[in-house]
Amino acid sequence: MLPDCADVVVIGGGVIGASCAYYLAKHKIKVVLLEKRDLASGSSGACGGTIFLQTKSPGPNLKLALAGAERFRHLHEELAADIEYRNHGGMIIIETETEYDAMVRWAERQQGAGLDVALLDANQARGLETALSPEILGATFSPADAQVNPWHLTFAFIKSAQRHGAKVYTGVRVTGIQTKSQRIELVETDQGRISTGTVVNAAGAYAARIGALCDLDIPIKPRRGQLVVVEATHPLISRCMLSAHYIAAKFNPDLARKGGGVSIEPTAHGSFVLGSTREFVGFDSRVTRAAIQHIARNVTSILPVLKGRNIIRVFAGLRPYTPDGLPILGPVAGLDGFVIAAGHEGDGIALAPITGELIADLIANNRTDFPLEAYKLERFDPIRAEDLE
Ligand SMILES: Cc1cc2nc3c(=O)[nH]c(=O)nc-3n(C[C@H](O)[C@H](O)[C@H](O)COP(=O)(O)OP(=O)(O)OC[C@H]3O[C@@H](n4cnc5c(N)ncnc54)[C@H](O)[C@@H]3O)c2cc1C
């Protein structure tokens, strides 16, 4: 049975809602988290776990990612959980001359912004990872890149939140939000109502639907990503990799449509999480044969040793996409008590700790040490219809 009231209602039991609930509960705020299905049943349970810094463009994107990466260093101690955090660095693999030229410029920009990134020739790259194809032209390497297990992270946040007094309810769908004089008053669900002055919209790809419950336009839409899991082997590589094409496709929908490059993530158990597509197909989270073939073909051109290995699982998640690639964080002008923590696209796992911490600081203290201006909803004003198609 749901409680009658709460200081804060968090909508969404993915990694972002879980993190917000944890940091809010740590502030001794009476928080209730509502999830319409199961915990981590959205994007947070159907994704990779890379914490890549060298993929972020200098500016608000890299600044938030740097702050986020820092939070991971002692997180497993704080949450008292094995979240499979590993900081072995990451590589971006270069396969063509055009990519090489682009990556030289990209690495220079990253270095200019203070990030530790090195450009490696083919021999140096294969010196780091001997399983790489002899056909590659080079790679960039950053020791700052890392990885984590997204499931373990989400559940670690939830358990720690509960230890601090948060109440977590699954199978409860938020169906309405009542306001009075431009303030949040009440959250309606399919199982009852909760009076509250503050709502955190952490509904991921569904965040626009939550916004619509109180007449807010939030430019977040689902961007499907398909992934392939390959059976465990003895360790073949020790760090996460992306193809240079993957970076380009992240920022260029035309390239994504033509095939978005690949990501390669060796897990703590020896299996490989290989991905992924970037597709606008509404809320369709099915996998397609074409995408699986595309991923398999492109991954084996980088790591030929994976040829012939068994695929043990395929799945797809819906990234919460925003038109400028940045999440939407913070309060909303003209609607007191409505706070957004959504739109993290392909970085929500990496940005979960910093997001929860900032949102909780904002609600508890009405201020944050990290400026949120660049991430507010108002940057999209006015929202264009084509952004929401
Ligand atoms: C293929 C793929 C690969 C990825 N790889 C990475 C990666 O390597 N590194 C990284 O950092 N990120 C990665 N991501 C991105 C990451 O998965 C997301 O950014 C992150 O999971 C978003 O978390 P969230 O909590 O906002 O959303 P979700 O996990 O989707 O959670 C939102 C929750 O809200 C619930 N909800 C919605 N509406 C309601 C309602 N009305 N009432 C109650 N509950 C509701 C949903 O059921 C859902 O569980 C990847 C994503 C994909 C798809």
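All values derive from a computational prediction rather than experimental measurement.

### A look at the overall build of the chain
For the chain, the count of helices and strands is 11 helices and 19 strands. Taken over the C-alpha atoms alone, the chain extends approximately 65 × 40 × 40 Å along its principal axes. Residues classed as buried in the chain amount to 50% of the 389 residues present. If you take every contact in the chain between residues at least 6 apart in sequence, the share linking residues at least 24 apart comes to 74%.

### Some points on the environment of A21
If you trace the backbone, A21 turns up in helix α1 (residues 15-26). For A21, a count of 33 C-beta atoms within 10 Å gives the class buried. Those residues within four positions of A21 in sequence are excluded, and the remaining contacts are V10, V31, L33, A161, A166 and V168.

### Section: the site of the ligand
Taken together, 42 residues surround the ligand, and among them G14, G42, G204, G225 and G348 come closest. Among the elements of the structure, α1, β2 (31-35), β13 (221-230), β17 (311-321) and α11 (348-365) are those that each provide at least two residues to the shell around the ligand. Mapping the shell around the ligand onto the domain boundaries places at least three of its residues in each of domain 1 (8-46 + 151-220 + 325-388) and domain 2 (90-143 + 221-321).

### Focus on the domain arrangement of the chain
On domain assignment, one finds that the chain holds domain 1 (8-46 + 151-220 + 325-388) and domain 2 (90-143 + 221-321). Measuring from the centre of the C-alpha atoms in domain 1 to the corresponding centre in domain 2 gives 30 Å. Taken together, the 14 residues of domain 1 in the interface contact 12 residues of domain 2.

### A few points about the packing of α1 against helix α6 (residues 150-163)
At a minimum axis separation of 8 Å, α1 and α6 run at an interaxial angle of 30°. One element, α1, and the other, α6, form an angle in the roughly parallel class. Crossing angle aside, the handedness with which α1 passes α6 is left-handed. Judged by residue contacts, V15, A18, S19, A21, Y22 and A25 of α1 engage P150, L153, T154, F157, I158, S160 and A161 from α6. Residue composition of the contact of α1 with α6, by class: 10 nonpolar, three polar and no charged.

### Description of the sheet that holds strand β6 (residues 138-142)
As summarised here, the arrangement of the eight strands in space is β5-β6-β4-β14-β15-β16-β13-β17, forming an open sheet in which the pairing is mixed. Of all strands in the sheet, those with a lone pairing partner are β5 (118-121) and β17, marking the two edges. This sheet shows a mean twist of 25° between the axes of neighbouring strands, independent of strand direction. Sheet strands touched by helix α4 (residues 97-112): β4 (90-94), β5 and β6. Its angle to β4, the strand with the most contacts, is close to 145°. Relative to the sheet, helix α10 (residues 289-302) contacts β4, β13, β14 (240-243), β15 (263-266), β16 (272-275) and β17, its axis offset from that of β13 by approximately 55°.

### Examining the pairing of strand β19 (residues 335-342)
Of all eight residues making up β19, six are buried, and the element is well covered by its neighbours. Looking at chain direction, strand β12 (residues 198-201) and β19 are connected through three bridges and run parallel. By the bridge assignment, V200 is partnered in β19 with V339. With five bridges connecting them, strand β18 (residues 328-332) and β19 associate as antiparallel partners. Within β19, the residue paired with I328 across the bridge is A342.

Cut-off values and rules
Residues numbered from 1 in each chain as written. Predicted model: local features only at pLDDT ≥ 70, side-chain atom pairs only at ≥ 80, totals over all residues. Helix = DSSP H or I, 4+ residues; strand = E, 2+ residues; numbered from the N terminus. Buried ≥ 20, exposed ≤ 12 C-beta atoms within 10 Å, placed from the backbone. Contact = placed C-beta atoms within 7 Å. Near = placed C-beta within 6 Å. Domains from an automatic or database assignment. Axes fitted to C-alpha atoms, helices over the stretch in contact; angles between N-to-C directions. Parallel < 35°, antiparallel > 145°, perpendicular 65-115°, else oblique. Left-handed = near helix turned anticlockwise from the far one by under 90°. Nonpolar A, V, L, I, M, F, W, Y, C, P; charged D, E, K, R; others polar. Pairing = 2+ DSSP bridges.

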